[in-house]
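Notes for the structure review
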Amino acid sequence: MEYFSGFFTGILKLFGFYSKEATVVLIGLDNAGKTTLQYKLRTGESYSFVPTQKPQEQEITIGNVKLQTWDLGGHKAVRKLWKQYYRTADGIVFVVDAADKSRLPEAKKVLNFILKEDALVETPIAILGNKSDKKEAVPMQKLQEELGLPKLLDAYRKIKVFNTSVTEGYGYPTAFEWIAANLP
Ligand code: GDP
Ligand code: MG
């Protein structure tokens, strides 16, 4: 627990003294690990959640930075609604379940939608290849390919992939540091 309290202090440092107001959105398909991550950021503890079925919002505020969490399902009908969740973001944390190969095409679709958004070309996007503690997790390089990222990692885009395990507690602190350092 020491480590996570330390991490929380770390985020406070990174976000808490950020002088402007900023919104960071935590998005991805359901079951990727977003709720668990947000809970950890808030309390430092792990708790198993029933995966969220609706794109319902959870929000925590750290200093001037709002962290909003949304589930983005792949159903066509709701795709048009996605925009309203991420369009105004100053930073995006996109969580992918790297151990669920069957849903990587769906995650890729959502990610490509976001990357096509003109308003977001300068927005830092951290992609968390989460659940990398699982033995069936797709390795980083393969994950980037499955998500169609080699093509999209243009020099001008602030986009970076991180190997993470929310439950084991690694990878995401670095991702948040990177986001904080790249906020406008
Ligand atoms: P959400 O739908 O994106 O909010 O996903 P949840 O946070 O509800 O997590 C879905 C399930 O994945 C839960 O059973 C979590 O305990 C589990 N989970 C989340 N992150 C990890 C991880 O890094 N490793 C492993 N092994 N399981 C995880
Ligand atoms: Mg959830």
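Before any of the text, the structure's been laid out above.
Described below are features of the structure shown in this document. (Residues numbered from 1 in each chain as written. Chains lettered and ligands numbered in written order. Predicted model: local features only at pLDDT ≥ 70, side-chain atom pairs only at ≥ 80, totals over all residues. Heavy atoms only, no water.)

1. Section: helix α7 (residues 172-182)
In terms of burial, α7 is a largely internal element, eight of the 11 residues being buried. Every buried residue of α7 is accounted for by Tyr172, Pro173, Ala175, Phe176, Trp178, Ile179, Ala180 and Asn182. (Buried < 20%, exposed > 50% of the residue type's maximum accessible area, 1.4 Å probe, protein only. Helix = DSSP H or I, 4+ residues; strand = E, 2+ residues; numbered from the N terminus.)

2. Things to note about the pattern of salt bridges
Evaluated as defined, the whole model comprises six salt bridges. Glu117 is the salt-bridge partner of Lys83, the closest N and O atoms lying 3.5 Å from each other. Of the two residues, Lys83 sits in helix α3 (residues 76-86) while Glu117 sits in the loop between α4 (104-115) and β5 (125-130), which places them 34 residues apart along the sequence. Under the relative-accessibility criterion, Lys83 is labelled partly exposed at 35%. (Salt bridge = Lys/Arg side-chain N within 4 Å of Asp/Glu carboxyl O.)

3. Observations regarding the site of ligand 1
The local shell around ligand 1 holds 20 residues, among which Asn31, Lys34, Thr35, Thr36 and Asp133 are the closest. A distance of 2.7 Å separates an oxygen atom of ligand 1 from a polar side-chain atom of Lys34. In the environment of ligand 1, an oxygen atom lies 2.8 Å from a nitrogen or oxygen atom belonging to the backbone of Val166. Protein contacts shield 88% of the accessible area of ligand 1, which totals 580 Å² for the unbound molecule. A total of three residues in the shell around ligand 1 trace back to one element, the largest contributor, which is helix α2 (residues 34-43). Its residues assigned to classes, the shell around ligand 1 shows five nonpolar, nine polar and six charged. (Near = heavy atom within 4 Å. Polar contact = N/O pair within 3.5 Å; in protein donor to acceptor, adjacent residues only side chain to side chain. Areas by Shrake-Rupley, 256 points an atom, 1.4 Å probe, with all protein chains shown as cover. Nonpolar A, V, L, I, M, F, W, Y, C, P; charged D, E, K, R; others polar.)

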